[in-house]
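# Understanding the architecture of this molecule
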Amino acid sequence: MNALDMVRRAVSEQLSPGDFAIDATAGRGYDTAFLARAVGKTGRVLAFDIQPDAVNSTRELLAAEGLNAEVVLASHADMSLYANPETASCILFNLGYLPGGDHSVFTHADSTIAAVTSGLDILKRGGLMCITVYSGGANGYDERDALLPFLASLDDGKYQVVKVSFHNWKKDPPFPIFIRKL
Ligand SMILES: C[S@@+](CC[C@H](N)C(=O)[O-])C[C@H]1O[C@@H](n2cnc3c(N)ncnc32)[C@H](O)[C@@H]1O
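Not measured: the values here are computed from a predicted model. (Residues numbered from 1 in each chain as written. Predicted model: local features only at pLDDT ≥ 70, side-chain atom pairs only at ≥ 80, totals over all residues.)

### Considerations on the overall build of the chain
Helix and strand content of the chain: five helices and seven strands. Ordered by position from N to C terminus, the α and β elements of the chain give α-β-α-β-α-β-β-α-β-α-β-β. Expected size for 182 residues packed as a compact globule is a radius of gyration near 16 Å; at 15 Å, the chain falls within 12% of this value. Judged by the C-alpha coordinates and their principal axes, the chain covers about 40 × 40 × 30 Å. Put simply, of all contacts in the chain between residues at least 6 apart along the chain, 73% involve residues at least 24 apart. (Helix = DSSP H or I, 4+ residues; strand = E, 2+ residues; numbered from the N terminus. Rg over C-alpha atoms; globule rule 2.2 N^0.38 Å. Contact = placed C-beta atoms within 7 Å.)

### With respect to the environment of Val 55
Among the structural elements, Val 55 can be located in helix 3 (residues 52–65). Val 55 sits in the buried class, given 20 other C-beta atoms within 10 Å. Sequence-wise, Val 55 and Arg 28 are 27 residues apart; in three dimensions their C-alpha atoms are separated by 7.7 Å. Contacts of Val 55, omitting those with residues within four sequence positions, involve Ala 26, Asp 49, Val 71 and Leu 73. (Buried ≥ 20, exposed ≤ 12 C-beta atoms within 10 Å, placed from the backbone.)

### As for helix 4 (residues 109–122)
With 14 residues, helix 4 should cover 20 Å at 1.5 Å per step; its first-to-last C-alpha distance of 20 Å lies within 8% of that length. Those residues of helix 4 lying buried are Thr 112, Ala 115, Val 116, Ser 118, Gly 119 and Ile 122. Along the long axis of helix 4, the arc covered by the buried residues comes to 170°, so they all point the same way. Of the surrounding secondary structure, the elements contacted by the buried residues of helix 4 are strand 1 (20–23), strand 4 (88–94), strand 5 (123–133) and helix 5 (142–152). (Expected span 1.5 Å × (residues − 1). Arc of directions from axis to C-beta.)

### With respect to the site of the ligand
Taken together, 22 residues lie around the ligand, and Thr 25, Gly 27, Arg 28, Tyr 30 and Leu 98 are the ones closest in. Those elements that provide at least two residues to the shell around the ligand are helix 2 (30–39) and strand 2 (44–49). By residue class, the composition of the shell around the ligand is nine nonpolar, 10 polar and three charged. (Near = placed C-beta within 6 Å. Nonpolar A, V, L, I, M, F, W, Y, C, P; charged D, E, K, R; others polar.)

### Some points on the sheet that holds strand 1
A sheet is described by the order of its strands in space; here seven strands give the open sequence 3-2-1-4-5-7-6, paired in mixed fashion. Edge strands, defined here as strands with exactly one partner in the open sheet, are strand 3 (70–73) and strand 6 (159–163). Averaged over all neighbouring strand pairs, the angle between strand axes comes to 15°, with direction disregarded. Sheet contacts for helix 2: strand 1, strand 2, strand 3 and strand 4; angle to strand 2, the most-contacted strand, approximately 170°. Packed on one face of the sheet, helix 3 meets strand 2 and strand 3 and runs near 170° to strand 3. (Pairing = 2+ DSSP bridges. Axes fitted to C-alpha atoms, helices over the stretch in contact; angles between N-to-C directions.)

Set out below in structure tokens:
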């Protein structure tokens, strides 16, 4: 069991054909493709990344697999320009840098917190947001250390926030956070 397994299982249980889902960090497109398969041809997937390399990779993967998603070269902080409130069943964030890309470009606390705030508005009641947090290494701890207190401050009458900790793992493993909109 690792962060990816847990997120994939939760997303599979959450999504049905015809749903709307958002990948806030498209990267190489694996999560976007996973969402596109889960919502099927009648669903909608919107994906964001700030790097042309990531947007191109994601579009190529989707084309190769015959899947559909709208892939936007924009910050996830601007997602409210592309999606209406209370419409998405699932929103994924896979934080950090682009694998096989420029490791000096990674997600940052200010835009991540802005995007999570927008995403919570866009999420339907009963919808699920999954955030996989990477820390240590090139991106350090600033994002994790700002995000966790922000998520702890969310109204517990409106959101359930579950943070998974890999208790005996060394070296800062990526960990998932699940937020259910009540
Ligand atoms: C760990 S990768 C995502 C992996 C991806 N989900 C996959 O399946 O391959 C993180 C991505 O976040 C992107 N990113 C960084 N800041 C961003 C922002 N403000 N808005 C959208 N994407 C951002 C990076 O360019 C990078 O491609």
